[in-house]
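Here are the chains, one letter per residue:
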Amino acid sequence: MKLLSQHIENDRSGYVRMIPEQPEDMWHLYNLILKGDQLTASTMRGVKKESSTGSVISNRVWITLTISIEDVFFDIQACALRINGKNIVESKHVGIGQYHTLDLEMNNAFTLKKPEWDPISLQRVKDACDITRQADVAAVTMQEGLAVVCLMTQYMTVVRQRIEVPVPRKRRGSTTNYEKGVQRFYGHIYRAIKQHVDFSVVKVVILGSPGFVRDQFFDYMMAEAVRVNDRQIIENKSKFLLVHTSSGHKGALEEVMRDPQIKVRLADTKSAQEAKAIDNFYQMLNNDPDRAFYGYDDVQKAAEHGAIGTLMITDELFRSADIPTRKKYIKLIEDSKATNAEVLIFSSLHVSGERLSQLTGVAAILNFPLVIDSDGEYSTDESDNK
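This text gives an overview of the structure that appears in the document.

The rules behind the values
Residues numbered from 1 in each chain as written. Predicted model: local features only at pLDDT ≥ 70, side-chain atom pairs only at ≥ 80, totals over all residues. Heavy atoms only, no water. Helix = DSSP H or I, 4+ residues; strand = E, 2+ residues; numbered from the N terminus. Expected span 1.5 Å × (residues − 1). Buried < 20%, exposed > 50% of the residue type's maximum accessible area, 1.4 Å probe, protein only. Pairing = 2+ DSSP bridges. Axes fitted to C-alpha atoms, helices over the stretch in contact; angles between N-to-C directions. Arc of directions from axis to C-beta. Contact = heavy atoms within 4.5 Å.

**A word on helix 3 (residues 176–196)**
Note: α-helices contain 3.6 residues per turn, so residues at a spacing of three or four share the same orientation. The terminal C-alpha atoms of helix 3, which comprises 21 residues, lie 31 Å apart, in line with the 30 Å expected from a rise of 1.5 Å per residue. Looking only at helix 3, the buried set comprises Tyr178, Gly181, Val182, Phe185, Tyr186, Gly187, Ile189, Tyr190, Ala192, Ile193 and His196.

**Concerning the sheet that holds strand 14 (residues 308–314)**
The strands making up a sheet associate through hydrogen bonds between their backbones, and the pairing can be parallel or antiparallel. Taken together, the 4 strands give an open sheet; going across it, the order is 13-16-14-15, and neighbouring strands pair in mixed fashion. Of all the strands in the sheet, the pair left with one neighbour each is strand 13 (292–294) and strand 15 (342–346). The average angle at which neighbouring strand axes cross in this sheet is 15 degrees, direction not considered. Pairing geometry for strand 14 and strand 16 (residues 362–366), over 5 bridges, is antiparallel. Within strand 16, the position partnered with Ile308 by the bridge is Leu366.

**Observations regarding helix 10 (residues 323–338)**
Under the 1.5 Å per step criterion, the end-to-end length of helix 10 is 22 Å for 16 residues, consistent within 8% with the ideal 22 Å. Turning to helix 10, its buried residues are Arg326, Tyr329, Ile330, Leu332, Ile333 and Ser336. Taken around the axis of helix 10, the buried residues stretch over an arc of 150 degrees, which confines them to a single face. In helix 10, the exposed residues that point more than 90 degrees away from the buried face are Ile323, Pro324 and Ala338. Residues of helix 10 that are buried sit in contact with helix 2 (119–128), helix 9 (296–304), strand 14, strand 15 and strand 16. Trailing helix 10 by a residue or two, Asn340 shows a phi angle of about 65 degrees, which is positive.

**Topic: the sheet that holds strand 11 (residues 204–209)**
Taking strand neighbours across the sheet as the criterion, the 5 strands line up as 10-9-8-11-12 in an open arrangement whose pairing is mixed. The open sheet terminates on both sides in strands that have one partner only, identified here as strand 10 (157–164) and strand 12 (240–244). Direction aside, neighbouring strands of the sheet carry axes that sit 20 degrees apart on average. One ladder, built from 5 bridges, connects strand 8 (residues 137–143) with strand 11; its direction is parallel. Bridge assignment links Ala138 to a residue of strand 11, and that residue is Val205. This element, helix 4 (residues 213–227), spans strand 8, strand 11 and strand 12 of the sheet and lies at about 160 degrees to strand 12.

In structure tokens form, the structure reads like this:
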């Protein structure tokens, strides 16, 4: 995302003007754009004109509209964003109050105006425009006849292609059909990697499977690359990392992110930091449950006591159309930061975010235990001992 201009008043109202430059930018915008905001962008609209002879001519023309946003639709697979609302600025072709849908497109500038830019939204703009925060992990989970090719960024885990190829069973005395089926299956995966993985950006390509499917595919891929002199695959051989998973489905990526090899290779990425934090939370929940809280009410009480060491929260909670709900989570973050807590905002489209969503979307690891007594009151161990 490129930031063209930004103007925020003292009362936090204001606008930003930006240009989306890659598909992931649409995810950032989905988290930024809310009902009640104003969006100015160029769009195509059909216009009918009546000629002097009475015939009607239809043309599509480019116009610039400003709408008051009512609905936002995000297509995860296509990374496409459609915003619906009422026109609020008089236009030659669209009257005030008429509904229109704006499709935000790559490399087309737009202006987003908000009555209040909260800290979470401003940080989202900053993150989206930071060129160091790009997608850097690809993953292929596979089992015999099934493979899922994913791109993993710090905010999203996007399935780029699902591959299903029938593989005949082995027959006693002849494995010819089986071997042909396997070769055809591996060929599809090879071409999918070539199509979807940008090796100039990606640091690691994870190959995960049960059994030896990943090893056999890797051997096939390298042999095929040598046969056709595919320099891209050959020169990036060291980026491939083979790990065990229980299946070839996307859900197996949750296991992948817990693998020690992966943690080492991705030590400098936000996704690895989040995966480590959620693992630490579950360990604390098992070993010292008075230091592992989840759910807004309990976490908010922990914040009041200044007990939070690490706060984890999903970005989905900030997309609430209910302003008081959104503000209470923003306040929770601000209160936690005031006591020097580490705050991690998880993407609900990332595997780590999906795990956090199962815990209501908000959880915290505490610096010291908080005990809930029979009256529902919270106290520290120190206060109990007095």
